[in-house]
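Residues per chain, in single letters:
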Amino acid sequence: MKLLQKKRYQYKTIIIALIITSLFLSWGIGYAQDARRSSAKTGLYEMDGRLQAFNLDERWARIGGFKWSLADEFDAEEFAARLGVGKTGTVEFTARQKTWATFYVVLGTIDVSTISKLKVKTQDKRNIKLVLEPSEMKSIYEQGGKIYKIVPCGE
């Protein structure tokens, strides 16, 4: 009889240990995922540079020597209308034309469903970091930053 009670006690101990271990594991996995999410923060940046070329069909713009990708939220129609150019093909600007622009870059995943929310963030400017250093621009470009708005200077 004592042997049977001893086995039940062992089984209860093992079950309780497994429950506690699974709770710690689930807590640890949740903590690791939160830490990963917080390290992959979204960055919004404002930069200035010379607009050298762009292609709205292929969704890129060359500004300041870097060939930036355009974000999904980029409003190509509005941009083309501002410059007074068509939406098709590659448009290039010479150095004499001096087409300077302020452009806004998003780095990382963004939880925005519409372009209007990005426009509000662009006007608000509280969460947007102004970048002036070429080395910092290069770093953002290399990390996969995408342009979500270009404003030609003079507007």
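Residues numbered from 1 in each chain as written. Predicted model: local features only at pLDDT ≥ 70, side-chain atom pairs only at ≥ 80, totals over all residues. Heavy atoms only, no water.

Engineer: Run through the overall build of the chain, naming residues and quoting values.
Structural biologist: Helix and strand counts for the chain stand at four helices and seven strands. Each helix (α) and strand (β) of the chain, taken in turn from the N terminus, gives the series α-β-β-β-α-β-β-α-β-α-β. Looking at the chain as a whole, 31% of its 155 residues qualify as buried. Of the contacts formed within the chain by residues at least 6 apart in sequence, a portion of 76% connects residues at least 24 apart. Element-wise, carbon and sulfur atoms account for 56% of the exposed surface of the chain, whose accessible area totals about 10800 Å². (Helix = DSSP H or I, 4+ residues; strand = E, 2+ residues; numbered from the N terminus. Buried < 20%, exposed > 50% of the residue type's maximum accessible area, 1.4 Å probe, protein only. Contact = heavy atoms within 4.5 Å. Areas by Shrake-Rupley, 256 points an atom, 1.4 Å probe, with all protein chains shown as cover.)

Engineer: Just give me the short version of the pattern of salt bridges, but keep the residues and values in it.
Structural biologist: Scanning all chains against the criterion turns up three salt bridges. Note that Lys-138 is salt-bridged to Glu-142, the shortest N-O span being 3.9 Å. Remark: Glu-142 and Lys-138 occur in helix H4 (residues 134–142); sequence separation between them is four residues, near one turn of the helix. On the basis of relative accessible area, Lys-138 is assigned to the partly exposed category, the value being 40%. (Salt bridge = Lys/Arg side-chain N within 4 Å of Asp/Glu carboxyl O.)

Engineer: Run through the nonpolar core, naming residues and quoting values.
Structural biologist: One finds Met-47, Ile-147 and Ile-150 to be the most contacted residues of the largest nonpolar core, which totals 24 residues. Looking at this core, the elements with two or more residues in it are strand S1 (43–55), strand S2 (60–63), strand S3 (66–70), helix H2 (76–83), strand S5 (100–107), H4 and strand S7 (146–152). What Ile-150 contacts, discounting residues up to four positions off in sequence, is Ala-61, Ile-63, Phe-74, Phe-79, Arg-82, Ala-101, Thr-102 and Phe-103. Counting residues in each nonpolar core, the second largest holds seven residues, with Leu-44, Ala-71, Tyr-104 and Tyr-148 among its members. (Core = buried A, V, L, I, M, F, W, Y, C linked by side-chain atoms within 4.5 Å.)

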